[in-house]
Amino acid sequence: MFSKTFKAVATAALVASSAIAAQAADYTIRATANSNENDEDYDGLVVFKNFVESASNGAIAVELFIGTQLCSKGAECLQGVADGTIDVYISTSGGASGIFPYVQVLDLPYLMANDRIAETVLAGDFTRKMREMALADSGDSIRLMTIGNTGGWRNFANTKRRVASPSDMAGLKIRTVVADLPQELVRALGASPTPIPWPELFTSFQTGVVEGSKNGITDIMGMKFPDAGLQYVTLDGHAYMGALWWMNNQKFLGMPEDMRRVVVDGFSALQQATFASPKRKSIKAYEDFVAGGGDLYVPTPAEKAAFKEAAAPVYDWFKGNVKGGEEIFDALASAVADAEADIEAGMASDLN
């Protein structure tokens with residue numbers, strides 16, 4: 001939950017930007033997020049709105065629709081973006097995979113080792129490559145503006161035991177979404193994938209329908225899953241919880257270049273806000289999980305390598321079964337290698 005101070009600052013920022021926008025904007029951007037005001041998606045939109053309205057001197061107004069006022073599901077919302085009834089929409093990879101299946105590359109396990117690598121990759125040409133593919137597949141109607149974060153990292157959590165190696169996953173019923181890739185991952189690690197709708201997950205833990213999940217700690221604590229028996233979390237960090245920010249391409253290109261620059265800079269500010277927000281929120285979430293009796297386990301480098309090795313067949317499955325899979329996998333692998341080299345070179349300088 002936001003602190004009172006943060007709420008006051010956010011409210012002041014919105015009031016200030018709204019005052020500028022009130023000077024009769026030339027362009028209006030309608031942005032929606034199917035979340036709530038406690039979510040990092042909202043944090044990002046507040047920053048975006050304030051930046052764009054201020055930097056454009058009121059020429060651009062940004063209207064925020066938080067929740068399901070404009071649409072409620074990924075395919076429906078993306079259709080709204082394509083039609084132009086929605087200008088900006090944020091989706092998870094799962095929410096967009098029905099239209100752009102290759103975005104599931106973000107769900108491939110253990111490709112990005114930490115926040116520095118992920119943030120370097122997503123701020124660079126990899127995102128531009130995915131934008132190019134999405135524009136081609138949508139008839140130039142849906143433009144990927146940036147990729148941020150929505151919840152930190154996915155980790156394995158369960159109600160039964162500490163998981164320190166792939167063998168500890170054997171037989172566990174792990175909740176997944178109704179998508180092939182996460183189910184392939186769970187199978188590769190020896191567990192049983194069990195698709196369960198998100199609203200039913202708490203009860204499913206209580207009744208034993210499922211015994212584990214793949215979630216970030218803020219989702220785990222926000223949904224009070226420990227009260228349903230979820231007491232073991234392994235910080236394997238198998239997937240970065242990417243947030244894909246889409247915009248109607250005609251709306252974007254219909255602005256003059258100076259206004260397009262403002263929008264692009266606004267999405268950069270939004271991206272940085274969503275990179276930062278989960279880091280702060282996860283601190284208290286982890287503290288509360290442990291204080292409530294939860295078992296928080298950090299795998300050793302050797303144990304994490306064992307998880308990556310066990311999950312390796314998923315890479316071949318993705319490249320062979322997902323349209324555009326090999327192309328986007330190669331782009332991500334190359335971007336990760338470049339990011340690792342740059343960061344390591346910088347580290348060598350910083351240590352001496």
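Rules and cut-offs
- Residues numbered from 1 in each chain as written.
- Predicted model: local features only at pLDDT ≥ 70, side-chain atom pairs only at ≥ 80, totals over all residues.
- Heavy atoms only, no water.
- Salt bridge = Lys/Arg side-chain N within 4 Å of Asp/Glu carboxyl O.
- Helix = DSSP H or I, 4+ residues; strand = E, 2+ residues; numbered from the N terminus.
- Buried < 20%, exposed > 50% of the residue type's maximum accessible area, 1.4 Å probe, protein only.
- Disulfide = S-S within 2.5 Å.

Novice: Help me get a handle on the pattern of salt bridges, residues and values and all.
Specialist: Working definition: two side chains of opposite charge can pair if their charged atoms are close together. Taken as a whole, this structure holds 13 salt bridges when the rule is applied. Across the pair Glu184 and Arg187 runs a salt bridge whose closest N-O atoms are separated by 3.5 Å. On the criterion of helical spacing, the pair formed by Glu184 and Arg187 is a turn pair, its members being three residues apart in helix α7 (residues 180–188). Its relative accessible area of 26% is what places Glu184 among the partly exposed residues. Classification of Arg187 by relative accessible area gives partly exposed; the value is 45%. Between Asp316 and Lys319 there is a salt bridge, with the nearest N and O atoms lying 4.0 Å from each other. One end of the pair is Asp316 and the other is Lys319, both in helix α13 (residues 313–321) and three residues apart, which spans about a single turn. For Lys319, a relative accessible area of 28% corresponds to the partly exposed category.

Novice: Outline the environment of Thr203, supporting the account with residue identities and numerical values.
Specialist: For Thr203, the position within the fold is in helix α8 (residues 201–207). Thr203 sits in the partly exposed class, given a relative accessible area of 43%. Along the backbone, Thr203 and Ala113 are 90 residues apart, and their C-alpha atoms lie at a distance of 33 Å.

Novice: Residues and numbers for unusual backbone geometry, please.
Specialist: In this model, Asn57 sits at a positive phi of 55 degrees, which is unusual for a non-glycine residue. Take Asn57: it is sitting in the loop between α2 (40–55) and β2 (60–66). Phi is positive for Lys224, which is not a glycine, with a value near 60 degrees. With respect to the secondary-structure elements, Lys224 resides in the loop between α9 (217–222) and β8 (232–248).

Novice: Help me get a handle on the state of the cysteines, residues and values and all.
Specialist: Simply put, disulfide is the name for a covalent bond between the sulfur atoms of two cysteines. Enumeration according to the criterion identifies one disulfide in this entry. Between the sulfur of Cys71 and that of Cys77 lies a disulfide, 2.0 Å long from S to S. Here the S-S torsion is close to 110 degrees, and the disulfide linking Cys71 with Cys77 is therefore right-handed. Residues Cys71 and Cys77 agree in their burial class; the two are buried.

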